[in-house]
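Below, each chain spelled out in residue letters.
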Amino acid sequence: MEPREQPIGVFDSGLGGISVLRACVALLPQENFLFFGDSANAPYGEKSLDQVRRLTVAAADRLLAQHVKAIVVACNTATSAAIGLLRQTHPELPIIGIEPAVKPAAQAVGSSSVIVMATPLTIREDKYQKLAAAFCHEANVISLPCKGLAEMVEQGIFDGPVLDAYLQELLLPFRYCNVDYIVLGCTHYPFVRQAIARNFGRPVSIIDGSEGTARQLRRQLEKAGLLTTRTSQGTVTFQNSRPDKLAMSQTLFLMKY
Ligand code: DGL
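For clarity, every value in this text was computed on a predicted model and none was experimentally measured.

Chemist: Before we go on, may I ask you to explain the site of the ligand in this structure?
Modeler: Ser13, Tyr44, Gly45, Thr77 and His188 are the nearest of the 13 residues found near the ligand. One of the side-chain N or O atoms of Thr77 is found 2.6 Å from an oxygen atom in the ligand. For the ligand, the protein covers 99% of the area, taking 300 Å² as the surface of the free molecule. According to the grid-proximity analysis, the pocket containing the ligand is the largest cavity. A per-class count over the shell around the ligand returns 5 nonpolar, 7 polar and 1 charged.

Encoded structure:
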């Protein structure tokens with residue numbers, strides 16, 4: 001098969017990256033996509049850097065064995081831990097990562113506050129610390145590690161009292177700060193966007209990086225001459241290291257949020 005007609009591999013620690021996959025499919029509907037969720041090893045955000053590096057390399061190898069023409073690392077945690085390593089190992093391959101959308105939020109609000117919700121590992125990593133530091137003169141960037149939240153999404157908890165109690169405790173300290181934006185810095189969080197908005201208790205704009213990542217994917221494919229020439233609708237195939245998660249993958253792909 002011609003390289004440009006091969007599928008695009010999209011990968012996450014679990015189901016969260018489906019929020020990015022949706023944006024990619026919306027922007028590039030003629031492409032074929034292969035999504036791999038590593039739910040057996042989720043959450044990555046509470047593992048060590050070395051563990052996440054190893055798992056990310058294994059996931060990329062799995063996609064490459066299926067002849068993908070590009071890889072989207074639809075996971076902020078895996079991006080911050082391993083994107084450099086992946087690019088070093090596969091210099092010829094378009095590899096697109098995702099990082100918390102701090103820039104658009106900070107530049108939009110001037111001097112008030114932006115909360116960045118992400119996994120503990122993303123927040124700890126150098127890549128994020130540098131990103132937050134780069135915009136701390138434009139806005140008050142509050143970094144909020146959300147231990148356990150991606151796991152709730154993995155378990156299919158999108159609503160209800162357990163999630164509400166978790167979010168209220170997490171967000172309460174910021175209720176009286178001058179917060180204009182919440183940045184969803186983990187690809188699992190868009191699936192609980194409504195619960196986050198409700199439990200914050202005040203109007204706030206909530207953004208994530210999925211559309212920016214999809215645009216970056218299109219730019220990279222264009223540059224490499226790898227956009228498909230097909231004119232009909234492409235396919236989306238789901239794979240997961242926990243086969244019992246495949247039905248939920250379809251549900252999340254179609255879910256409104
Ligand atoms: N979805 C991943 C992210 O964007 C992380 C979830 C996890 O901890 O596995 O960071």
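This is not the end of the story, as more comes after the structure.
Chemist: Would you mind showing me how to read the sheet that holds strand S6 (residues 140-145) here?
Modeler: Pairing between sheet strands relies on hydrogen bonds along the backbone, with the strands arranged either parallel or antiparallel. Spatial strand order, S6-S5-S7-S8: 4 strands in an open sheet with parallel pairing. Where the open sheet ends on each side, the last strands, each with one partner, are S6 and strand S8 (205-208). Looking at each pair of strands side by side, their axes are set apart by 25° on average, direction ignored. For strand S5 (residues 113-118) and strand S7 (residues 179-184), the ladder comprises 5 bridges, and the chain directions are parallel. By the bridge assignment for S7, Val114 is matched with Tyr181.

Chemist: What exactly am I supposed to notice about the packing of aromatic side chains here?
Modeler: The relative placement of two aromatic rings is captured by the distance of their centres and the angle of their planes. Taken as a whole and judged by the stated rule, the model has 5 aromatic pairs. Relative to Tyr44, the ring of Phe11 has its centre 6.3 Å away and its plane inclined at 50°; by these criteria the two rings are tilted. Of this pair, Phe11 sits in strand S1 (residues 8-12) while Tyr44 sits in the loop between strand S2 (33-37) and helix H2 (49-64), placing them 33 residues apart in sequence. Each member of the pair Phe11 and Tyr44 is classed as buried. Geometrically, the ring pair formed by Phe238 and Phe253 is edge-to-face, given 5.8 Å between the ring centres and 70° between the ring planes. With Phe238 in strand S9 (residues 236-240) and Phe253 in helix H11 (residues 246-254), this residue pair connects regions lying 15 residues apart in the sequence. Of the two residues, Phe238 and Phe253, neither departs from the other in class, the shared state being buried.

Chemist: I would appreciate a short explanation of the packing of helix H1 (residues 18-27) against H11 in the present structure.
Modeler: Pairs of packed helices are described in terms of their axes, by the angle between the two and the distance that separates them. H11 packs onto H1 with a crossing angle of 55° between their chain directions and a minimal axis gap of 9 Å. It follows from the interaxial angle that H1 and H11 lie oblique. The handedness of the crossing between H1 and H11 is right-handed. Between H1, through Ile18, Leu21, Arg22 and Val25, and H11, the contact on the second element is made entirely by Ser249, Leu252, Phe253 and Leu254.

Chemist: When you look at unusual backbone geometry in this model, what are you seeing that I'm missing?
Modeler: The bulk of non-glycine residues show a negative phi, and the bulk of peptide bonds are trans. Cis geometry marks the peptide bond from Ala42 to Pro43; its omega dihedral reads 0°. Here Pro43 shows up in the loop between S2 and H2. Phi at His67 takes a positive value of approximately 60°, unusual for a residue other than glycine. You can see His67 is positioned in the loop between H2 and strand S3 (70-73). A relative accessible area of 53% means that His67 is categorised as exposed.

Procedures and definitions
Residues numbered from 1 in each chain as written. Predicted model: local features only at pLDDT ≥ 70, side-chain atom pairs only at ≥ 80, totals over all residues. Heavy atoms only, no water. Near = heavy atom within 4 Å. Polar contact = N/O pair within 3.5 Å; in protein donor to acceptor, adjacent residues only side chain to side chain. Areas by Shrake-Rupley, 256 points an atom, 1.4 Å probe, with all protein chains shown as cover. 1 Å grid on protein atoms, 1.4 Å probe; cavity = no way out; pocket = protein on both sides within 12 Å on 5 of 7 lines; lining within 4 Å. Sits in = over half its atoms within 2 Å of the grid points. Nonpolar A, V, L, I, M, F, W, Y, C, P; charged D, E, K, R; others polar. Pairing = 2+ DSSP bridges. Helix = DSSP H or I, 4+ residues; strand = E, 2+ residues; numbered from the N terminus. Axes fitted to C-alpha atoms, helices over the stretch in contact; angles between N-to-C directions. Phe/Tyr/Trp six-rings, centres within 6.5 Å; stacked < 30°, edge-to-face > 60°. Buried < 20%, exposed > 50% of the residue type's maximum accessible area, 1.4 Å probe, protein only. Parallel < 35°, antiparallel > 145°, perpendicular 65-115°, else oblique. Left-handed = near helix turned anticlockwise from the far one by under 90°. Contact = heavy atoms within 4.5 Å.

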